[in-house]
Amino acid sequence: MSKNGLELLAPAGNLQTLKKVVDAGCDAVYFGGSMFGARAYADNFCFNDAIEGIKYAHLFNAKAFLTVNTLIKNIEYSKLYSYIKEYRDAGIDAVLVQDFSVLKFIRENFPDLDVHASTQMSVTSQFGVSFLQDQGVKRVVLARELSLAEISDIYKNTGAEIEAFVHGAICVCYSGQCLLSSMLGGRSGNRGRCAQPCRLPYELYDGNKMISGHSRYLLSPKDMCLINNIPELSEAGVYSIKIEGRMKSEEYASGVVSVYRKYIDRYLSTDRLYKVSNEDMDILMGLGNRSGFTDFYMKNYNGPELMSMDDSSLHTEQTEYTDQINTGTRKLEISIKVIIKKNTEFSIILTSIKDNNDVSYNDRLSLLDISDICIWGDYPETAQNRPLTRDDVNKQLEKTGNTIFEIDNIEIEMDTDIFMPMGKINAYRREFISKLEEKIIDLFYSDKNKIKKSYHAEKTTDSYAVEQYSGKEYNKLSCDEINTYILVTDTDQFNEVINYADGKTVIIFDHSFLDIDHSKLNHYIELAHDTGSRAMLKLPQVLRDRAYCYLDKNKDIIKDFDMYVASSFDNLGFLDKIGIPRNIVILEHRLYTYNDNAVDAFRSLGYKINMAPFELNKAELGHRDNTGSIISVYGRTELMIKADCTRKNIKGCDKCPSILKLKDRKGKFFSVRNDCTVCMNTIYNSIPLNLIDKLEEIKKMGFSSVRLDFTIESGKETSKIMNMFKSANNKKFTHESGFSNDFTKGHYNRGVE
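What counts as what
- Residues numbered from 1 in each chain as written.
- Predicted model: local features only at pLDDT ≥ 70, side-chain atom pairs only at ≥ 80, totals over all residues.
- Heavy atoms only, no water.
- Helix = DSSP H or I, 4+ residues; strand = E, 2+ residues; numbered from the N terminus.
- Rg over C-alpha atoms; globule rule 2.2 N^0.38 Å.
- Buried < 20%, exposed > 50% of the residue type's maximum accessible area, 1.4 Å probe, protein only.
- Areas by Shrake-Rupley, 256 points an atom, 1.4 Å probe, with all protein chains shown as cover.
- Pairing = 2+ DSSP bridges.
- 1 Å grid on protein atoms, 1.4 Å probe; cavity = no way out; pocket = protein on both sides within 12 Å on 5 of 7 lines; lining within 4 Å.
- Points joined across faces, edges and corners; volume = space filled by probe spheres on them.
- Nonpolar A, V, L, I, M, F, W, Y, C, P; charged D, E, K, R; others polar.
- Axes fitted to C-alpha atoms, helices over the stretch in contact; angles between N-to-C directions.
- Parallel < 35°, antiparallel > 145°, perpendicular 65-115°, else oblique.
- Left-handed = near helix turned anticlockwise from the far one by under 90°.
- Contact = heavy atoms within 4.5 Å.
- Phe/Tyr/Trp six-rings, centres within 6.5 Å; stacked < 30°, edge-to-face > 60°.
- Lys NZ or Arg CZ within 6 Å of the ring centre and 35° of its normal.

Looking at this structure, how should I read the overall build of the protein chain?
From N to C terminus, the protein chain includes 23 helices and 31 strands. In terms of overall dimensions, the protein chain is globule-like: its C-alpha atoms have a radius of gyration of 30 Å, near the 27 Å expected for 753 residues. Out of the 753 residues belonging to the protein chain, those deemed buried represent 59%. Here the protein chain displays about 29,700 Å² of accessible surface, and carbon together with sulfur accounts for 45% of that area.

Hey, could you run me through the sheet that holds strand β28 (residues 669-675) in this one?
Note: strands within a sheet are paired through backbone hydrogen bonds, in either parallel or antiparallel orientation. On the basis of which strands lie adjacent, the open sheet formed by 6 strands has the order β9-β8-β27-β28-β29-β26 and antiparallel pairing. In this open sheet, the two strands that pair with only one neighbour each are β9 (209-210) and β26 (638-642). Two strands pair when backbone bridges link them, and strand β8 (residues 203-206) and β9 are joined in this way by 2 bridges, in the antiparallel orientation. Each bridged residue has a counterpart across the sheet, and for Tyr 205 the counterpart in β9 is Met 210.

Teacher, can you tell me more about the layout of surface pockets here?
Where empty space is left becomes clear once a probe the size of a water molecule has been rolled over the atoms. If you add up the space inside the second largest pocket, you get close to 490 Å³. In this structure, the second largest pocket is lined by 29 residues; those nearest its centre are Thr 489, Asp 510, Ser 512, Arg 673 and Asp 675. For the lining of the second largest pocket, the elements supplying multiple residues, two or more each, are α14 (491-497), β27 (658-663), β28 and β29 (680-684). Looking at the lining of the second largest pocket residue by residue, the classes come out as 9 nonpolar, 12 polar and 8 charged.

Is there a simple way to think about helix α4 (residues 100-109) in this case?
For an α-helix the count is 3.6 residues per turn, leaving residues at separations of three or four pointing the same way. Extensive coverage of α4 is indicated by the burial of 9 of its 10 residues. Within α4, the full set of buried residues consists of Phe 100, Ser 101, Val 102, Leu 103, Lys 104, Phe 105, Ile 106, Arg 107 and Asn 109.

How do you make sense of the pairing of β29 when you look at a structure like this?
Counting buried residues along β29, 5 of its 5 residues qualify, which places the element largely inside the surrounding structure. The alternating pattern of β29 places Met 680, Thr 682 and Tyr 684 and Asn 681 and Ile 683 on opposite faces, both of which are buried. In terms of strand pairing, β26 meets β29 through 4 bridges, oriented antiparallel. Across the sheet, residue Ile 641 finds its bridge partner in β29, namely Thr 682. Where β28 lies against β29, 4 bridges are found, and the strand directions are antiparallel. Bridging across to β29, Val 672 finds its partner in Ile 683. Here β28 folds back onto β29, and the loop between the two strands holds 4 residues, one of which, Cys 679, carries a positive phi near 55 degrees.

Can you help me understand empty space enclosed by the protein in this one?
One pass over the structure, following the stated rule, counts 9 cavities of 30 Å³ or more. As for the largest cavity, its lining consists of 17 residues, of which Pro 613, Phe 614, Ser 632, Leu 689 and Leu 691 are closest to the centre. Class assignment for the residues of the lining of the largest cavity results in 10 nonpolar, 6 polar and 1 charged.

Even after reading the chapter, I still don't get the packing of helix α9 (residues 250-269) against helix α10 (residues 278-287), so can you show me in this structure?
Axis angle and axis distance: for two packed helices, these are the angle between their axes and the distance between the axes, and together they describe the pair. One way to put it is that α9 packs onto α10 with a least axis distance of 10 Å and a crossing angle of 160 degrees. Between α9 and α10, the angle is such that the two are roughly antiparallel. Note that α9 runs across α10; the crossing there is left-handed. Facing Glu 251, Tyr 252, Gly 255, Val 256, Val 259, Tyr 260, Lys 262 and Tyr 263 of α9, the residues of α10 in contact are Asp 280, Ile 283, Leu 284 and Leu 287. Here the contact of α9 with α10 is built from residues that sort into 8 nonpolar, 1 polar and 3 charged.

Looking at this model, I keep getting lost on the packing of aromatic side chains. Mind explaining?
Under the criterion given, the structure shown has 30 aromatic pairs. Where Phe 127 meets Tyr 548, the ring centres are 5.2 Å apart and the plane angle is 40 degrees; that geometry is what we call tilted. Of this pair, Phe 127 sits in helix α5 (residues 126-134) while Tyr 548 sits in helix α16 (residues 545-553), placing them 421 residues apart in sequence. Of the residues examined, Phe 127 reaches a relative accessible area of 7% and is grouped as buried. With centroids separated by 5.5 Å and ring planes inclined at 40 degrees, the aromatic side chains of Tyr 634 and Phe 710 adopt a geometry described as tilted. A residue pair is termed long-range when its members are at least 10 positions apart, and Tyr 634 in strand β25 (residues 629-635) and Phe 710 in the loop between β31 (705-709) and α23 (715-729) qualify at 76 residues. Phe 710 carries the same exposure label as Tyr 634, and that label is buried. Through a chain of ring-to-ring contacts, three or more aromatic side chains come together here, namely Phe 100, Phe 131, Phe 569, Phe 602 and Tyr 607. The ring of Phe 165 carries Arg 144 above its face, with NZ or CZ at 3.8 Å from the centroid.

Following this line, the structure appears as structure tokens:
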């Protein structure tokens, strides 16, 4: 990676913060508008503030990115076209997205607008990056959990424009994979409303024994700080260095940017030894930390050093070095020449321009042709009473007000007995400033302006968007019989499920079945076939190096399955690579199809079957295109998928798969499974989802398939649930037949905001 390819990307929760981070020297800024942003509780921008912010950023040659990184419901889709168009016309440089339908929507409707794949898309491998590149993504924001080696491997194999978080809060769960806040309180991280239950205290139990001791904040990571790793990140292929903090103060955001700007410039301008001073680390610590900082993921997979287990709060404090932070208002200092002479048009001519706080490595203004920046006006009049003086002219032209310009010097050529109204001189000053702004923006964004002009003939209303992208009503055919997908994670569950299997059953084998002897696994596949069932393999939810090696080791038997469950874009790219046809790939609920447009977008690529997301309620499901969709009717919902290993943090790593339990403040227990084959932790809901008594209601919604997931259930528990399901499917189900209150309806009744 060339040293010149290194962007410092800063957060902004409001207009004032945007100006401060630009003043501090960021190369790009990201912010949310009034809708569709993953920080719903930030101040965010009204559209007028956004226009001003985009212009401010561009005047300092900083790019502006809009976050549209939430999942969108059918009812909201009619607003998307006008929303994106407004920002595109205002000059936004790129849009960050999570929802696959939004990616496809922008590519189809705004083909010249760059799309960045948000970290909410949970991309962890070359396979996911390549898949998204094929869909027109310009840049990929990688998962925070990746190591330098993994980042380097992705860049070498894809050449992608990579963005990586380097500073600020990190989630314990892979972003986009968390349902904890959603299921516990209805505040979904996928909708920008995370309540951060991971920062609350928990106790860890092994059986009936509490083993966490005094450590209480078992799900709370330290804040990330990778300022020492900038050279390594750049050499690994990272293009954009990203700071977290749209919910943080302007002092935090601008202060962190200022320090990182200093060291990025140092790295870019010299080959001498790169070293961050203790004073600057103290400044970063004072701006905000959780029990210190961590750079743990850069070189390690997981470990207790990552976590702030004794205190989850954010600490801020002034240090003796705080006043060293660059907090000055950034201005462009200009010198001008003014000519006010008889028989000569009034004129203002730019003679020099410089940045009073030039924090960038390159001179951004050196290419500006100042000889081209001038304005002409009327001829001055002969003075009848009081003639115009130099002081009069100086006084009017120095009034640059709230603009980014500051007058350094004014050279005046004028006659002594002339007159011009002060209001006219003020108007000429404003015209000159406006032209100067236009020339500066054109210098850096001329292509973008050409793109804007090329859209003048496009639609001026939302009629297209409303017609094509609003929620639709479907002729839903109620299904008398329904296909059943059943996930099993161990042989005891399989032995029970096989007794109920028939030609309408698909048995989903968890990837952990690849651990057993392949001849025995083939026997299980044959048993499924003997009942008329199909055998499906569920890939690991997160596909990183260890998971890829695990799958590669078992590649011979992988192709013996009839179908496959993909939980991520990495999974989709991997299955493409090994030649699996897309029509036998089922999209797990984590490849979110919140809206019909997402369903259609995946269908257009050949993916015909999907799982309905857990966060839609029955009314929203009823207005969704459920053709070819599967709905979960039983299972302990996976609330978190994480690289952090709770067992290792407390007991040490013994490579022993197990199930521990997290106890929250309300006394609920959440099972935590550590999957050592791919080094991944899964946290399950405290009680299972059970919609078996809603089976007839579900059939009327147009679902032709349902799914039951057995994860930590015993064989006996599996048999009980299968009996319950069989009764319901045969319309013989009653609550007295075994249904209890030890279940949840999840979001079926309540949904999320």
